[in-house]
Amino acid sequence: MIQETEEKALVSQALEARKLAYAPYSGYTVGAALLTADGHRYLGGNIENASYGATNCAERTAFFKAVSEGEREFTAIAIAGGISGEAPVEYAYPCGICRQVMQEFCRDDFVIYVVKSEQDYQRYTLKELLPFGFGGDAIR
């Protein structure tokens, strides 16, 4: 269970992480704040590329930073997105590829916050957003 102070900090950091985004083509900036089981946080912003297929989402940026530093256990992620320079007006849900990355590294009870503001956000579990996830057990 995530304490309210930790939840609020993660939500705030997701909003701040939007400043890390590189989105010169779409102008849509996304920030993610990822919480590890031992309390470390990793931030990520979406990183666009002129070849859109090479673009990386904020969530995956945060996960890949953490995994590349040896982290393997995660508790929660907060995600905020919207037009660059403007406050979010809708919830930015993780795309299918990001949900699949979460499936690889997280349990079904991993918490996903989608954020409009520090006061307006929703909470889901990975199981709720990816009810029939495909994981490593399926190929063993």
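Now for a look at the structure at hand. (Residues numbered from 1 in each chain as written. Predicted model: local features only at pLDDT ≥ 70, side-chain atom pairs only at ≥ 80, totals over all residues. Heavy atoms only, no water.)

Before going further, it helps to examine the overall build of the protein chain. For the protein chain, the helix and strand inventory stands at four helices and five strands. When the helices and strands of the protein chain are placed in sequence order, the string is α-β-β-α-β-α-β-β-α. In terms of overall dimensions, the protein chain is globule-like: its C-alpha atoms have a radius of gyration of 14 Å, near the 14 Å expected for 140 residues. When its C-alpha atoms are laid out on the principal axes, the protein chain stretches across 45 × 40 × 30 Å. Expressed as a percentage of the 140 residues in the protein chain, the buried residues total 45%. (Helix = DSSP H or I, 4+ residues; strand = E, 2+ residues; numbered from the N terminus. Rg over C-alpha atoms; globule rule 2.2 N^0.38 Å. Buried < 20%, exposed > 50% of the residue type's maximum accessible area, 1.4 Å probe, protein only.)

Looking now at the side chain of glutamate 71. Along the chain, glutamate 71 falls in the loop between α2 (58-68) and β3 (74-83). Buried charged residue glutamate 71 carries no salt bridge. Nearest counter-charge: arginine 72, at 7.6 Å. A distance of 3.2 Å separates the side chain of glutamate 71 from the side chain of tyrosine 42, its partner in a polar contact. The residues touching glutamate 71, leaving out its near neighbours within four places in the chain, are Thr36, Asp38, His40, Tyr42 and Ala66. (Lys, Arg positive; Asp, Glu negative; His and termini not counted. Salt bridge = Lys/Arg side-chain N within 4 Å of Asp/Glu carboxyl O. Polar contact = N/O pair within 3.5 Å; in protein donor to acceptor, adjacent residues only side chain to side chain. Contact = heavy atoms within 4.5 Å.)

Where α2 contacts helix α3 (residues 96-105), the axes come no closer than 9 Å and their chain directions differ by 30°. Classified by the angle their axes make, α2 and α3 are roughly parallel. Crossing of α2 against α3: the hand is left-handed. Where α2 abuts α3, its residues Glu59, Arg60, Phe63, Phe64 and Val67 lie against Ile97, Cys98, Val101, Met102 and Phe105. By residue class, the composition of the contact of α2 with α3 is eight nonpolar, no polar and two charged. (Axes fitted to C-alpha atoms, helices over the stretch in contact; angles between N-to-C directions. Parallel < 35°, antiparallel > 145°, perpendicular 65-115°, else oblique. Left-handed = near helix turned anticlockwise from the far one by under 90°. Nonpolar A, V, L, I, M, F, W, Y, C, P; charged D, E, K, R; others polar.)

Right, let's get into the pairing of β3. Put simply, side chains in a regular strand alternate between the two faces of the sheet. Among the ten residues in β3, eight count as buried, and that is most of the element. As paired elements, strand β1 (residues 28-36) and β3 share nine bridges and run antiparallel to each other. Residue leucine 34 lies in a different strand from β3, and its bridge partner there is isoleucine 77. Relative to strand β4 (residues 111-115), β3 is paired through five bridges, and the arrangement is parallel. Across the sheet, the residue bridging to isoleucine 79 is valine 114, located in β4. Where the polypeptide runs from β3 across α3 and back to β4, its parallel neighbour, the crossover connection is right-handed. (Pairing = 2+ DSSP bridges. Right-handed = clockwise from strand over helix to strand, strands pointing away.)

Here we come to the packing of aromatic side chains. To describe a pair of aromatic rings, one takes the distance between the centres and the angle between the planes. Counting across every chain of the model gives eight aromatic pairs. Measuring from centroid to centroid gives 5.0 Å for phenylalanine 63 and phenylalanine 74, while their planes differ by 65°, and the two rings are edge-to-face. Of this pair, phenylalanine 63 sits in helix α2 while phenylalanine 74 sits in strand β3, placing them eleven residues apart in sequence. There is no split in this pair, since phenylalanine 63 and phenylalanine 74 are both buried. (Phe/Tyr/Trp six-rings, centres within 6.5 Å; stacked < 30°, edge-to-face > 60°.)

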